[in-house]
Amino acid sequence: MRLAIQHTMVRGKSLVERFQRAAEYGFAGVELTTGGFSGSIFDHVEEIEEAMRASGLPVSSICTRKAEDLISPDPEERAARQENLIRLLQLAERLGASGVVCVPIRPPARLVDLSPVWTEEELIERLLVVTLQDIIAKTADLDAAIFLEPLNRYEARFLRTIAQAVHIGQSVGHRRVQVLADFFHMNIEEADMPNAIRSAGSRIGHVHLADSNRLLPGHGHIDFATNLKALRRAGFSGWMALECGIPGDPDKTLPACVAFLRERWQQA
Ligand code: LER
Ligand code: MN
């Protein structure tokens, strides 16, 4: 089990302190969020490398924010976001991270509805597949993956289920385009979470962990034993990163959450 935590969830005056505290809590890695840096993440590369050295923890992955969603109605903005994802993949590779989170599009952004020729959804999907294929071709020297993340209905219109992410991954047809299973979103959208995990199988490359109320696992009503079992049986060997709120005293609730998850993974 490779358990990480987003760097913004751990307090600290510096990135070094945040990484060191994550290690003390029992995490094996740290997920960077691009929104959690002053200015641009690209201006903090040496600081990130220093935090890795000082703590002994690797960067598991890089999570992006809404302003970086790949599909924009504006062609210039689309090209800029494509270039941004390429730079983030290069950064992930340099840091030894497994990959970069990619959300296709969130409201209020929309594409045109060209029905009956193409619906907005068909247009987004086609643009997404072609753009991802282009990014993969332009980064052919890299191993870092693109983790396609379905969100829940209150955050996204397009891409809300694991099955749709699997379908898009298959259309792109490259091992570096993988599916991100975020337990918080899945709890809202999936009829049967363990079944969604089983059906996606080895296409799941990354996991975001949170409970039903987007607090630490163990503080809501998601059945972690059953879902982690499904992941383990599917042969999942990627990173699972906490992305949630922290109830209580983090010095107590974060190590307790690590123990809670490890116990359930081991019993799986
Ligand atoms: C957003 O709710 C989310 O889950 C993130 O991983 C992507 O921005
Ligand atoms: Mn997420």
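Residues numbered from 1 in each chain as written. Chains lettered and ligands numbered in written order. Predicted model: local features only at pLDDT ≥ 70, side-chain atom pairs only at ≥ 80, totals over all residues. Heavy atoms only, no water.

## Notes on the packing of helix α8 (residues 224-233) against helix α9 (residues 250-267)
Then, number 1: One can describe the packing of α8 onto α9 by two numbers: an axis separation of 8 Å at closest approach and a directional angle of 55°. Comparing the axis directions of α8 and α9 gives the class oblique. As for how α8 packs across α9, the hand of that crossing is right-handed. Every residue of α9 that contacts α8 at Phe-224, Ala-225, Leu-228, Leu-231 and Arg-232 is listed here: Phe-260, Leu-261, Arg-264, Trp-265 and Gln-266.
Then, number 2: In the contact of α8 with α9, the residues fall into seven nonpolar, one polar and two charged. (Axes fitted to C-alpha atoms, helices over the stretch in contact; angles between N-to-C directions. Helix = DSSP H or I, 4+ residues; strand = E, 2+ residues; numbered from the N terminus. Parallel < 35°, antiparallel > 145°, perpendicular 65-115°, else oblique. Left-handed = near helix turned anticlockwise from the far one by under 90°. Contact = heavy atoms within 4.5 Å. Nonpolar A, V, L, I, M, F, W, Y, C, P; charged D, E, K, R; others polar.)

## Things to note about the nonpolar core
Then, number 1: Within the largest apolar cluster, 83 residues are counted, with the highest numbers of intra-cluster contacts made by Phe-183, Leu-231 and Leu-242.
Then, number 2: Counting residues in each nonpolar core, the second largest holds five residues, with Cys-63, Ala-145, Phe-147 and Leu-180 among its members. (Core = buried A, V, L, I, M, F, W, Y, C linked by side-chain atoms within 4.5 Å. Buried < 20%, exposed > 50% of the residue type's maximum accessible area, 1.4 Å probe, protein only.)

## Examining the pairing of strand β4 (residues 99-102)
Then, number 1: Note that β4 and strand β5 (residues 145-148) share four bridges and pair parallel. Across the sheet, the residue bridging to Val-100 is Ile-146, located in β5.
Then, number 2: Viewed along the sheet, the connection from β4 through helix α4 (residues 120-138) into β5 turns out right-handed. (Pairing = 2+ DSSP bridges. Right-handed = clockwise from strand over helix to strand, strands pointing away.)

## Details of helix α7 (residues 193-200)
Then, number 1: What α7 keeps buried is the set Met-193, Pro-194, Ala-196, Ile-197 and Ala-200. Angular distribution of buried residues about the axis of α7 spans 160°; they occupy a single face of the element.
Then, number 2: The inward-facing, buried residues of α7 abut α5 (162-172), α6 (183-189), β7 (204-209) and α8.
Then, number 3: Where α7 starts, the residue carrying a side-chain oxygen 3.1 Å from the main-chain nitrogen of Asn-195 turns out to be Asp-192. (Arc of directions from axis to C-beta. Polar contact = N/O pair within 3.5 Å; in protein donor to acceptor, adjacent residues only side chain to side chain.)

## Looking at the packing of aromatic side chains
Then, number 1: Using the criterion set out here, one finds two aromatic pairs in the structure.
Then, number 2: Each ring, one from Phe-183 and one from Phe-224, has its centre 5.6 Å from the other, and the planes form 20°; the classification is stacked. One end of the pair, Phe-183, is in helix α6; the other, Phe-224, is in helix α8, and 41 residues separate them in sequence.
Then, number 3: We classify Phe-183 as buried; its relative accessible area is 0%.
Then, number 4: With a centroid separation of 5.9 Å and an interplanar angle of 75°, the aromatic rings of Phe-224 and Phe-260 are classed as edge-to-face. (Phe/Tyr/Trp six-rings, centres within 6.5 Å; stacked < 30°, edge-to-face > 60°.)

Remember, this is a structural readout, not a statement about activity or role.
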